Amino acid sequence: MASRPRHPLPNDPVTDEVVYRNRRQFMQRAAAGAFGMAAGVGLWHPLAHGKVRMGETIASKQLSTDEERTPRQKVTHYNNFFEFGTGKSDPAEHAGSLPTEPWSVAIEGEVARPGKVGLEDLVRPHRPFEERIYRLRCVEGWSMVIPWLGFPLADLLARFEPTSQARFVEFTTLYDPAHMPGQRRDVLDWPYVEGLRIDEATNPLTLLAVGLYGEVLPEQNGAPIRLVVPWKYGFKSIKSIVRIRLTRDKPVTTWHKAAPNEYGFYANVNPNVPHPRWSQATERRIGDIFQRDTEMFNGYGEHVAHLYKGMDLKKHF
Ligand SMILES: Nc1nc2c(c(=O)[nH]1)N[C@H]1C(S)=C(S)[C@@H](COP(=O)(O)O)O[C@H]1N2
Ligand SMILES: [Mo]
């Protein structure tokens, strides 16, 4: 685990400089009569009020692809987010009303410092966010190139101090059938759960994303915080996370539970292992007409192949 300075954890008073600055600005503007009372209320509590602010970001060139990015309109209107329906346009149509503020994430299990942390407190130590341009390969056979904004999951986990017993990380999506119409139907066993081995979770490529294309994450892409694991099929990149649990045992993941012969725990992109009902050898980049060859580990082998040395990837698909 990377050794990093300890960061303030849950329940620390909000003393962040940005907040201080916002508050001071508010005082000045309020004094100048720029705001009425109603407008001022939210500004006194900027963290309860605002979504994650992007602020300054840094480009992570080394881990980014220089391939052409999929247009933002496609990235935000061709989605899989079954909590809002199974159609590709359902998430863009229905996810906008998902309440993402306030939002907190529970960090549980094999950690020395468990806690339930408000979103801003969770992400604040990880600013400025990095821009990572990653390929995303869906198990259905399409792919995109998406400029995410976020920070390494490894950095977040280190703050909570995983114990020596922590072998896996389990992630859970919000369960809120009132706002997630798909959860009122038995399409999947809700809430959506995903998992990684601890060495996969702490690989430098593994990202917690809070934005894309320079802006706050749209609801349909998994606001306010989602996982991005670019060498695995898209379904591992779980959206709208409310719980991160470190465990000794391998998590039981949603897609594996739904169809164990079709969706393995590892779900590494692998052109040599067909899905039982279709080939995985090629893919169509959204916007392209023709298929292209799918690369082993989605082209991220130099960063992750060592994680699977000695494993039979046909068995551990
Ligand atoms: N909670 C949740 N996370 C999810 C899904 C989902 O249905 N629910 N779909 C997955 C699948 S199959 C893919 S391909 C990606 C799509 O991410 P995107 O819509 O941001 O491109 O999200 C993944 N994360
Ligand atoms: Mo997918």
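Everything discussed here concerns the structure shown above.
Bear in mind that the values here come from a model prediction, so they are computed numbers and not experimental data. (Residues numbered from 1 in each chain as written. Chains lettered and ligands numbered in written order. Predicted model: local features only at pLDDT ≥ 70, side-chain atom pairs only at ≥ 80, totals over all residues. Heavy atoms only, no water.)

Caption draft 1: Seen up close, the pairing of strand S4 (residues 129–137). Most of S4 sits inside the fold, with nine of its nine residues counted as buried. On S4, burial covers both faces: Phe129, Glu131, Ile133, Arg135 and Arg137 on one face and Glu130, Arg132, Tyr134 and Leu136 on the other are all buried. Sheet topology places S4 next to strand S5 (residues 142–152); eight bridges connect them, and they run antiparallel. Counterpart to Glu131 in the pairing with S5 is Leu149. In sequence, S4 turns back onto S5 through a hairpin of four residues, with Gly141 there showing a positive phi of about 110°. (Buried < 20%, exposed > 50% of the residue type's maximum accessible area, 1.4 Å probe, protein only. Helix = DSSP H or I, 4+ residues; strand = E, 2+ residues; numbered from the N terminus. Pairing = 2+ DSSP bridges.)

Caption draft 2: The arrangement of helix H7 (residues 153–160) in detail. Within H7, eight of the eight residues are buried, which leaves the element mostly enclosed by the surrounding structure. Of all the residues in H7, the buried ones are Leu153, Ala154, Asp155, Leu156, Leu157, Ala158, Arg159 and Phe160. Positioned one or two residues after H7, Glu161 has a phi angle of 55°, which is positive.

Caption draft 3: View of unusual backbone geometry. A cis geometry characterises the amide bond from Glu101 onward to Pro102, with omega recorded as -5°. Along the chain, Pro102 turns up in the loop between helix H5 (90–94) and strand S2 (104–109). A cis amide bond links Ala223 to the next residue, Pro224, at an omega of -5°. Tracing the chain through its elements places Pro224 in the loop between strand S9 (215–216) and strand S10 (226–228). Here Glu161, not a glycine, exhibits a phi torsion of approximately 55°, which is positive. By the element assignment, Glu161 lies in the loop between H7 and strand S6 (168–173). Using a relative accessible area of 23% as the deciding quantity, one classes Glu161 as partly exposed. The phi angle at Ala267 is positive, at roughly 50°, despite the residue not being glycine. Considering the arrangement of structural elements, one finds Ala267 in the loop between helix H9 (254–258) and strand S12 (282–285).

Caption draft 4: Up close: the site of ligand 1. Close to ligand 1 lie 17 residues, the nearest being Asn79, Phe82, Glu83, Ser237 and Lys239. The separation between an oxygen atom of ligand 1 and a polar side-chain atom of Asn221 is 3.0 Å. With respect to the detected pockets, ligand 1 is housed in the largest pocket. Its residues assigned to classes, the shell around ligand 1 comprises eight nonpolar, six polar and three charged. (Near = heavy atom within 4 Å. Polar contact = N/O pair within 3.5 Å; in protein donor to acceptor, adjacent residues only side chain to side chain. 1 Å grid on protein atoms, 1.4 Å probe; cavity = no way out; pocket = protein on both sides within 12 Å on 5 of 7 lines; lining within 4 Å. Sits in = over half its atoms within 2 Å of the grid points. Nonpolar A, V, L, I, M, F, W, Y, C, P; charged D, E, K, R; others polar.)

Caption draft 5: Expanded view of the nonpolar core. Within the largest apolar cluster, 78 residues are counted, with the highest numbers of intra-cluster contacts made by Trp148, Leu156, Ile225 and Ile244. Ranked by the residues each element gives to this core, the list is headed by S5, at six residues. Those residues within four positions of Trp148 in sequence are excluded, and the remaining contacts are Glu130, Glu131, Arg132, Tyr134, Leu136, Leu207, Ala209, Gly211, Leu212, Leu217, Arg226 and Val228. (Core = buried A, V, L, I, M, F, W, Y, C linked by side-chain atoms within 4.5 Å. Contact = heavy atoms within 4.5 Å.)

Caption draft 6: Spotlight on the layout of surface pockets. When its volume is computed, the largest pocket comes out at roughly 440 Å³. Looking at the largest pocket, it is lined by 27 residues, and the ones nearest its centre are Asn80, Phe81, Gly234, Phe235 and Lys239. Considering each element in turn, the lining of the largest pocket owes the most residues, four residues, to S5. For the lining of the largest pocket, the residue count by class is 17 nonpolar, six polar and four charged. (Points joined across faces, edges and corners; volume = space filled by probe spheres on them.)

Caption draft 7: Looking closely at the packing of aromatic side chains. As enumerated under the stated definition, the model contains twelve aromatic pairs in all. An angle of 75° between the planes, with centres 5.6 Å apart, marks the rings of Phe82 and Trp255 as edge-to-face. Separated by 173 residues along the polypeptide, Phe82 in the loop between helix H4 (72–75) and H5 and Trp255 in helix H9 bring together distant segments of the chain. Of the two residues examined, Phe82 and Trp255, each falls in the buried class. Their ring planes at 85° and their centres at 5.8 Å tell us that Phe168 and Phe265 sit as a pair that is edge-to-face. One end of the pair, Phe168, is in strand S6; the other, Phe265, is in the loop between H9 and S12, with 97 residues separating them in the sequence. (Phe/Tyr/Trp six-rings, centres within 6.5 Å; stacked < 30°, edge-to-face > 60°.)

Caption draft 8: Looking closely at the pairing of S2. Both S2 and strand S3 (residues 115–118) contribute to a ladder of four bridges, which runs antiparallel. Bridged to Ile107 within S3 is Gly115. Between S2 and S3, which pair antiparallel and follow one another directly, the connecting turn spans five residues.

Caption draft 9: Expanded view of the sheet that holds strand S11 (residues 241–247). Here we have five strands laid out as an open sheet, ordered S3-S2-S11-S6-S7, and mixed in their pairing. In this open sheet, the two strands that pair with only one neighbour each are S3 and strand S7 (193–197). On average, adjacent strands in this sheet sit at an angle of 20° to one another, irrespective of strand direction. Judged from the four bridges that link them, S2 and S11 form a sheet pairing that is parallel. Residue pairing in the sheet places Gly109 in a bridge with Leu246 of S11. Packing against the sheet, H7 makes contact with S2, S3, S6 and S11, and its axis sits at approximately 65° to S11. (Axes fitted to C-alpha atoms, helices over the stretch in contact; angles between N-to-C directions.)

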